[in-house]
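# Structural characterization, general
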Amino acid sequence: MVVSCPDLHGPDPDPVSARLLEQVIAVVIAFCPKVEVVEPGICAFGARGPARYFGGEMALAARIIAAVADLGVESRAGVADGLFAALLAARAASPAAAAPARKESVGPRVPSYVRCAPPTPQGALADSSNAIMVVPPGGTAQFLAAQPVSVLADQDLAGLLKRLGLGALGDFAALPARDVASRFGDAGECAHRLARGLDPRPLAARPPPADLSVAREFGPPEARAEPVVFAAKALAEQLHAGLAARGLTCVRVQIRATWADGRESSRLWRHDGLLSAAGVADRVRWQLDGCRPPPGDADAEQHPQGGVAALRLAPDLLVRAAGQQLALWGETVVSDRVARAAMRVQAMLGHEAVLRPVLGGGRDFAGQVTPVPFGEKKEPRLAADQPWPGRVIGPAPGVVYPAAREAEVTDDAGEIVTVSGRCAVSAAPARLAVPGEPPRRVTGWAGPWPLAERWWDPAAARRRARFQLATDDGRAWLAVVQDGRWLIEAGYW
Amino acid sequence: MPVGEPGPSRVPELPGVSGSGTLPVLPVLRELLPRGGLARGSVLAVAEFGLLCLALVAAASADGAWCGIAGIPEAGVLAAAGLGLDAGRTLLVPEPGPAWPQVVASLLDGCEIVLLRPPARASAQVRQRLEATVRRGRGVLLVAGDWPGAQVRLRVVTQRWTGLGDGHGRLRACCAEVVADGRGEAAMTRTRWLWLPAENGGVAVADPRDLPADFPFDVPAADLPFTRAASALRAVSAG
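Residues numbered from 1 in each chain as written. Chains lettered and ligands numbered in written order. Predicted model: local features only at pLDDT ≥ 70, side-chain atom pairs only at ≥ 80, totals over all residues.

### Some words on the overall build of chain B
Counting secondary structure elements, chain B contains 5 helices and 12 strands. Sorting the 239 residues of chain B into buried and exposed places 46% on the buried side. (Helix = DSSP H or I, 4+ residues; strand = E, 2+ residues; numbered from the N terminus. Buried ≥ 20, exposed ≤ 12 C-beta atoms within 10 Å, placed from the backbone.)

Next comes the structure, spelled out in structure tokens:
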């Protein structure tokens, strides 16, 4: 069964919704202990056991939705044989359909093999029953067959299938698995299994030979989140290394934090072998955020659990690692000594504070260097092996401002120098004034060199005219006129 | 070569590069530094951040040393790479924040050379602690700014760009007068004229005859012998 909260769904929940999310998960756990958080706002669990206890899937789902509604969160539930189908069922279940006026219009759209809840007389349940969709056992393949291929997460593949005339998942599922694998590769095979109502990857047959979980104890218990999240990153790397050494990857990872007073917070997060160590650390942060008191509280610093005493990451559902081949040739070898130093600074200032520059291409001096956080994959933003017409040639400046500085360039009469649409300069630049520094006399200049970039993308489009200015103190400047304003992009000294 | 060959004849070929005591610098900068390189365990100060700072760290980085750059978000890595810096062995900490002494101490544990512009004025206590860290780690701290305890102080006294006209041309090379002084063995003031950068992006020795004809020689250091020779030569060529 999948419970989805559309309002809380998002790639990066803020602390408020993270806390709400944690409460929602706590409510769901009251019904069934083994809950998997697929992504923020969506959780899933095996429904067979609890459904029997609560008197059927409908009743169970209705109770959960009512309990979640008590928190002021709207939710939907979907039940099917597999996670993918249950997700789609939860998406198809529309709480808006609860309004009687829209009931009829929704009716014909629901296929006959999907059992919709009959309206129940009890008030709370009646309101929630339209937010539930149950696909009966064995009906998953049929339910999926009618879905459009666009529900597949891989939009490239979906677009390709549509162009091939395969509009519905049923058409795709009807293709022989072997042909799909040879034509679309690993990703296509995975999607094909989904379309047939199977799990995306066959489970590895044998149980893991060793305990692959990793743990770290904090003594004294760590009250701040940052050090715990940082330790989680190292733990995740250790976990990934252990899995990779055995040629395995995990579908889910369990994060269990133990507080000083003995209480535990344990969650399953979707992994699929795709999460980086930083991604796992993010989930630890969300999980810890959810357990903390709101920042407005007077005793926010002194939270009741007394700090994290232990953190444990355990892989769940091991499968063979099939894809995600990493580069065969490594980058510059980072010695342990440097890595330790860099990670200690990261622990102090945050992951993004220690950068490694990667040289690439581009027309701006600032854009030709891509700073990459230490420990992440190094790739320049713009390819270096392209010609980049319009870049400034000659020696590179020693000072490149990450954000261009405001400046004023005036002519002999004290008027701001302007550049017309046809690249005519109003007068020769005579003075350069940079805020916070004494004004300088311009002794030589060249330009304007026009540069119109990315006109096809309104958000990134820029039209600039560049100048090189030499000033009486012996320095030289790379200045641009953009939207009638003068900016200093770089300094030559 | 016989095993017993006495060493002295080989010494000039390896000035300052011998891994133990110093980190290498670009050949044209050797004469500015008392030991022909960056002495391990020492602090050097450059008056202001600029190409000179990047040129001083470039050769060590090319030689295999890791280089940390702290507190300088506008460091021109591209220009430094042109001088020889290996970007793959560079760590940038643009905003070290209020705890910058600890950050720099951590960087010094991992990097042989750290280029730092302190975000705030360093107290004497902080300076001494960092100097002790530098000595212990056998690294080099290069400060862009004021650092009273620095063994060597360098500054660009005069500089002048060539290639730019009145509405035409482009920047080609910069002729700079670099002065080094300091304490102890560095107490003697050394002055060199350099192309910083030269037209190929590197650093080269500037011949006084190559200087731009309108070079301002009325600089404070005008009584230095080298500068006098330059103006004399110019007078000869003009005559």
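### Considering the overall build of chain A
When helices and strands are tallied, chain A shows 13 helices and 17 strands. Classification of the 493 residues of chain A by burial places 33% in the buried group. Within chain A, contacts between residues separated by at least 24 positions form 57% of all contacts whose residues are at least 6 apart in sequence. (Contact = placed C-beta atoms within 7 Å.)

### Things to note about the packing of helix α3 (residues 100-110) of chain B against helix α4 (residues 124-137) of chain B
To describe two helices that pack against each other, one gives the angle between their axes and the distance between the axes. Residues and elements named next belong to chain B. Put simply, α3 and α4 touch, their axes get as near as 10 Å, and they point 5 degrees apart. On the basis of their axis angle, the class for α3 and α4 is roughly parallel. On α4, the residues touching P101, V104, A105, L108 and D109 of α3 are V126, R129, L130, T133, V134 and G137. Residues belonging to the contact of α3 with α4 are distributed by class as follows: 7 nonpolar, 2 polar and 2 charged. (Axes fitted to C-alpha atoms, helices over the stretch in contact; angles between N-to-C directions. Parallel < 35°, antiparallel > 145°, perpendicular 65-115°, else oblique. Nonpolar A, V, L, I, M, F, W, Y, C, P; charged D, E, K, R; others polar.)

### A closer look at unusual backbone geometry
All names here are of chain A. That bond from G219 to P220 is cis: its omega, 0 degrees, falls within 30 degrees of zero. Mapped onto the secondary structure, P220 falls in strand β6 (residues 214-222). Between G447 and the following residue, P448, the backbone shows a cis peptide bond with an omega angle of -5 degrees. If you trace the backbone, P448 turns up in strand β14 (residues 440-453).

### Some thoughts on the pairing of strand β11 (residues 190-195) of chain B
All names here are of chain B. Sheet topology places strand β10 (residues 169-182) next to β11; 6 bridges connect them, and they run antiparallel. Opposite E177, over in β11, you have W193 as the bridge partner. Where β11 meets strand β12 (residues 204-205), 2 bridges bridge the pair, whose relative direction is antiparallel. Each residue of the ladder has a partner; that of L194, found in β12, is V205. (Pairing = 2+ DSSP bridges.)

### Notes on the confidence of the model for chain A
This prediction gives chain A a mean pLDDT of 80; 84% of its residues lie at or above 70. Across residues 96-127 of chain A the pLDDT falls below 50, and counting only partners more than four positions away or on other chains, this stretch makes 31 contacts in the model. (pLDDT = per-residue confidence, 0-100.)

### Some words on the environment of S17 of chain A
Residues and elements named next belong to chain A. Along the chain, S17 falls in helix α1 (residues 15-31). On the basis of neighbour counts, which here come to 22 C-beta atoms within 10 Å, the residue S17 falls in the buried class. Linking S17 and W286, residues 269 residues apart in sequence, is a C-alpha distance of 9.8 Å.

### Points about the pairing of strand β3 (residues 43-46) of chain B
All names here are of chain B. Across the two faces of β3 the burial is the same, with V43 and A45 and L44 and V46 all buried. Relative to strand β7 (residues 140-144), β3 is paired through 4 bridges, and the arrangement is parallel. Looking at the pairing, V43 lines up with L141 of β7. Sheet topology note: the β3/strand β8 (residues 152-164) ladder contains 3 bridges and is parallel. In the strand pairing of β8, A45 is matched with R153.

### Focus: the nonpolar core
Membership of the largest hydrophobic core comes to 110 residues, with the highest contact counts inside it found for V57, L107 and L142 of chain B. In terms of residues, this core owes the most to one element, helix α1 (residues 51-62) of chain B, which gives 10 residues. With sequence-adjacent residues up to four places away left out, L142 of chain B is seen in contact with L44, V46, C53, L56, V57, I113 and L115 of chain B. V35, A89, A131 and L311 of chain A belong to the second largest nonpolar core, which has 77 residues in total. (Core = buried A, V, L, I, M, F, W, Y, C linked by C-beta atoms within 7 Å.)

### As for the sheet that holds strand β8 (residues 264-270) of chain A
Residue and element names in this part refer to chain A. Spatially, 9 strands are ordered β5-β4-β1-β3-β2-β8-β7-β9-β6 in an open sheet, and the strand pairing comes out mixed. Since the sheet does not close on itself, it has two edges, and those belong to β5 (132-134) and β6, each with one partner. Adjacent strand axes in the sheet meet at a mean angle of 20 degrees when their direction is disregarded. Direction of pairing for β6 relative to strand β9 (residues 308-320): antiparallel, over a ladder of 5 bridges. Along β9, the bridge assignment pairs E222 with V308. Along the sheet, helix α4 (residues 83-92) contacts β1 (2-4), β3 (42-44), β4 (76-79) and β5; its crossing angle with β4, the most-contacted strand, is approximately 140 degrees.

### Quick look at the interface of chain A and chain B
Each side of the interface is counted separately: chain A has 42 residues, and chain B has 46 residues. Listed by contribution, the elements that provide at least two residues to the side of chain A that touches chain B are α13 (336-349), β10 (355-359), β11 (369-373), β12 (399-410), β14 and β15 (462-471) of chain A. At 9 residues, the largest contribution of residues to the side of chain A that touches chain B is made by α13 of chain A. Split into classes, the residues belonging to the side of chain A that touches chain B amount to 30 nonpolar, 7 polar and 5 charged. Where β14 of chain A and strand β9 (residues 166-167) of chain B come together, 2 bridges link them in parallel fashion. Bridge pairing in β9 of chain B links W445 of chain A to D166 of chain B.

### Comments concerning the environment of P13 of chain A
Residue and element names in this part refer to chain A. Take P13: it is sitting in the loop between β1 and α1. Overall, the presence of 20 C-beta atoms within 10 Å leaves P13 in the buried class. Along the chain, P13 and W286 lie 273 residues apart, while their C-alpha atoms are 7.8 Å from each other. Dropping the residues within four chain positions of it, P13 is found in contact with L8, A18, L21, P40 and W286.

### Focus: the packing of α1 of chain A against helix α3 (residues 57-69) of chain A
Residues and elements named next belong to chain A. For the pair α1 and α3, interaxial distance at closest approach is 10 Å and the crossing angle is 150 degrees. Classified by the interaxial angle, the pair formed by α1 and α3 is roughly antiparallel. When you trace α1 past α3, the crossing you get is right-handed. Between α1 and α3, the residues in contact are V24, V27, V28 and F31 and L60, R63, I64, A67 and V68, respectively. The class makeup of the residues in the contact of α1 with α3 is 8 nonpolar, no polar and 1 charged. (Left-handed = near helix turned anticlockwise from the far one by under 90°.)

### Concerning the environment of W445 of chain A
All names here are of chain A. Note that W445 resides in strand β14. The exposure class of W445 is buried, given the 27 C-beta atoms found within 10 Å. Separated by 25 residues in sequence, W445 and A470 have C-alpha atoms that sit 6.1 Å apart.

### Considering α1 of chain B
Think of an α-helix as turning once every 3.6 residues; residues three or four places apart then point the same way. Residue and element names in this part refer to chain B. Taking 1.5 Å as the rise per residue, α1 with 12 residues should run 16 Å; its terminal C-alpha atoms sit 16 Å apart, in good agreement. Here α1 lies mainly inside the structure; 11 of its 12 residues are buried. Among the residues making up α1, those that are buried are L51, L52, C53, L54, A55, L56, V57, A58, A59, A60 and S61. (Expected span 1.5 Å × (residues − 1).)

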